[in-house]
Amino acid sequence: MVDVHEEPSEWEELGRVLTAGGILPSGWAPAFAAVPRSAFLPDLVWPFHMAAGGSVAVDKRRDADAWRSYAEADTPIVTQWDDGRHTGPEPGEVSTSSASMPSVVFSMLRDLDVQPGNRVLEIGTGTGWNAALLAYRLGPENVITVEVDESVASVARAALNRFGLPVQVVHGDGFKGHREGAPYDRIIATCGLRSIPFGWVKQSRPGGVIMAPWGTHYGNGDAVARLTVADDGKSASGAFTGPVEFMKLRAQRLPAVVHADYVKGGVADGDESSTTITESQFVGGRFRPQEFALGLYVRNCVHVAAAKHDGARPVWFYGLTDRSWACVQFRDGNHTRVWQSGPRRLWDEVESACRWWDEQGRPGFDRFGLTVDSDGERAWLDFPDNPVPIRPL
């Protein structure tokens, strides 16, 4: 007799990879196997295509094999563009709802550390897949999910009911949480925040956990904050677990910065100087801890690194509280020139932040943390009593 071994599906193979990498712990393996991402995706999706360097349209009705391959791959998939105003198969302007990479989903669920009987509030329903995973493990009655987009909420609610996990889907502003279901043992956000509301702390039990991608307007990247609510319920604090990049909470999206509103003529309108910081020291790939650290230090600032052209790369900085701006131009083989204008000397602040990061031993994400209380939020390094300075030293 010849043994015939069926080849594992792409989803099963992904599960093995995530398990081997410590991303999919044993407690979440049954949910991974029973609740596939494909059950919560629409027919027309826009997965990220590495070779194309962007999103591509894939329609299940036209190419079911390609659709399933993407659905079962560790890749992010856009499911809505431009807050639903977009039509047609081509990608829109701004991605506004998605199904996250399974590796990101399960790393956050792993760190959420749910226990039997926990009540969980999810901020950002999206497709409903993350809520379904939580419901499969904890029971649908223990999960509430809030979605700001009524159409997205309706589609997710239908998908959850169809799958047999009738989670309560609330159409509303997740920034406000959901007081009617409080208190919660766990709160998890599946969108990027620039401010974590104290209301979430008040809606949590003492000892509860809040997990949210958080960052600053300096860049689009986030880091996942894992905050534990204090025994007196008056604050929540904890370290960041690692870098991610999520679509931003709609109420906290930053409007596009209009260059012409800042720079009326050209860089010559600014005060010129130079810097010893090199391009290789300053410009790098995504998810660099240096960029995250600079954003903690240089608040109310957006930076944009342009593509390199003819050996030159300009990086622009725009103040968000006034019209201050700065530009540093890195050029191969030449000294680096800087121009600044406005009440804030933005490049001076950035240089100060670079020096501070170096002096602290170039800390990674896990050395930074966040505390949220009724006075707001404070980023810190190594321990809560060591706040990150937000002004030049």
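Please refer to the structure placed before this passage.
Residues numbered from 1 in each chain as written. Predicted model: local features only at pLDDT ≥ 70, side-chain atom pairs only at ≥ 80, totals over all residues. Heavy atoms only, no water.

Draft legend 1. Representation of the pairing of strand S1 (residues 44-49) within the structure. Pairing of S1 with strand S3 (residues 58-59), which is carried by two bridges, proceeds in the antiparallel orientation. Within the sheet, the bridge partner assigned to Val45 lies in S3 and is Val58. Strand direction decides the pairing type here: S1 and strand S4 (residues 77-81), joined by two bridges, are antiparallel. Residue pairing for S4: Pro47 is matched across the bridge by Ile77. Inspection of the sheet shows S1 paired to strand S2 (residues 54-55) by two bridges, in the antiparallel sense. Pairing of Phe48 across the sheet is with Ser55, part of S2. Once S1 ends, the chain turns through four residues before running back antiparallel as S2, passing Gly53 with a positive phi of about 70°. (Pairing = 2+ DSSP bridges. Helix = DSSP H or I, 4+ residues; strand = E, 2+ residues; numbered from the N terminus.)

Draft legend 2. Highlighting the packing of helix H10 (residues 289-297) against helix H11 (residues 346-359). Their axes nearest at 9 Å, the elements H10 and H11 cross at an angle of 120°. It follows from the interaxial angle that H10 and H11 lie oblique. Here H10 and H11 pass one another in a crossing that is right-handed. Contacts between H10 and H11 involve Pro289, Gln290, Ala293, Leu294 and Tyr297 from the first element and Glu349, Val350, Ser352, Ala353, Cys354, Trp356 and Trp357 from the second. (Axes fitted to C-alpha atoms, helices over the stretch in contact; angles between N-to-C directions. Parallel < 35°, antiparallel > 145°, perpendicular 65-115°, else oblique. Left-handed = near helix turned anticlockwise from the far one by under 90°. Contact = heavy atoms within 4.5 Å.)

Draft legend 3. Layout of the pattern of salt bridges. Throughout the structure, instances matching the rule amount to 21 salt bridges. The residue Asp83 makes a salt bridge to Arg85 at a minimum N-O spacing of 3.8 Å. In this structure, the salt-bridge partner of Arg205 is Asp185, at a minimum N-O distance of 3.1 Å. With Arg205 in strand S10 (residues 204-214) and Asp185 in strand S9 (residues 184-189), this pair connects stretches of sequence that are 20 residues apart. Residue classification places Arg205 among the partly exposed residues on the basis of a relative accessible area of 34%. (Salt bridge = Lys/Arg side-chain N within 4 Å of Asp/Glu carboxyl O. Buried < 20%, exposed > 50% of the residue type's maximum accessible area, 1.4 Å probe, protein only.)

Draft legend 4. Layout of the nonpolar core. Phe282 and Phe317 are the most contacted members of the largest nonpolar core, which has 53 residues in total. Among the elements that make up this core, the one with the highest residue count is H11 (seven residues). In contact with Phe282, not counting residues within four places along its chain, are Tyr218, Ile277, Arg288, Gln290, Leu294, Val315, Phe317, Phe330, Trp347, Val350 and Cys354. With 37 residues, the next largest nonpolar core counts Leu18, Val114, Val120 and Ala153 among its residues. (Core = buried A, V, L, I, M, F, W, Y, C linked by side-chain atoms within 4.5 Å.)

Draft legend 5. The arrangement of helix H3 (residues 64-71) in detail. When H3 is considered as a whole, its buried residues turn out to be Trp67, Tyr70 and Ala71. For H3, the angular spread of the buried residues around the axis is 100°, confining them to a single face. Residues of H3 that are buried make contact with helix H1 (10-20), S1, S3 and S4. (Arc of directions from axis to C-beta.)

Draft legend 6. Main features of the sheet that holds strand S17 (residues 336-341). Strands sit in the order S13-S17-S16-S15-S14 across an open sheet of five strands; the sheet is antiparallel. The sheet is open, and its two edges are formed by strand S13 (271-275) and strand S14 (301-305), each paired on a single side. Going from strand to strand, the sheet's axes swing by 20° on average, the running direction of each strand aside. As paired elements, strand S16 (residues 325-331) and S17 share five bridges and run antiparallel to each other. By the bridge assignment for S17, Ala326 is matched with Gln340.

Draft legend 7. Inspection of the sheet that holds strand S19 (residues 376-381) at higher detail. Spatial ordering of the open sheet is given by S8-S7-S6-S9-S10-S11-S12-S18-S19, a layout of nine strands whose pairing is mixed. Of all strands in the sheet, those with a lone pairing partner are strand S8 (168-171) and S19, marking the two edges. Here the average twist between neighbouring strands, direction ignored, is 20°. Here strand S12 (residues 235-244) runs beside strand S18 (residues 368-373); their pairing, made up of five bridges, is antiparallel. Looking across to S18, one finds that Ser237 is bridged to Thr371.

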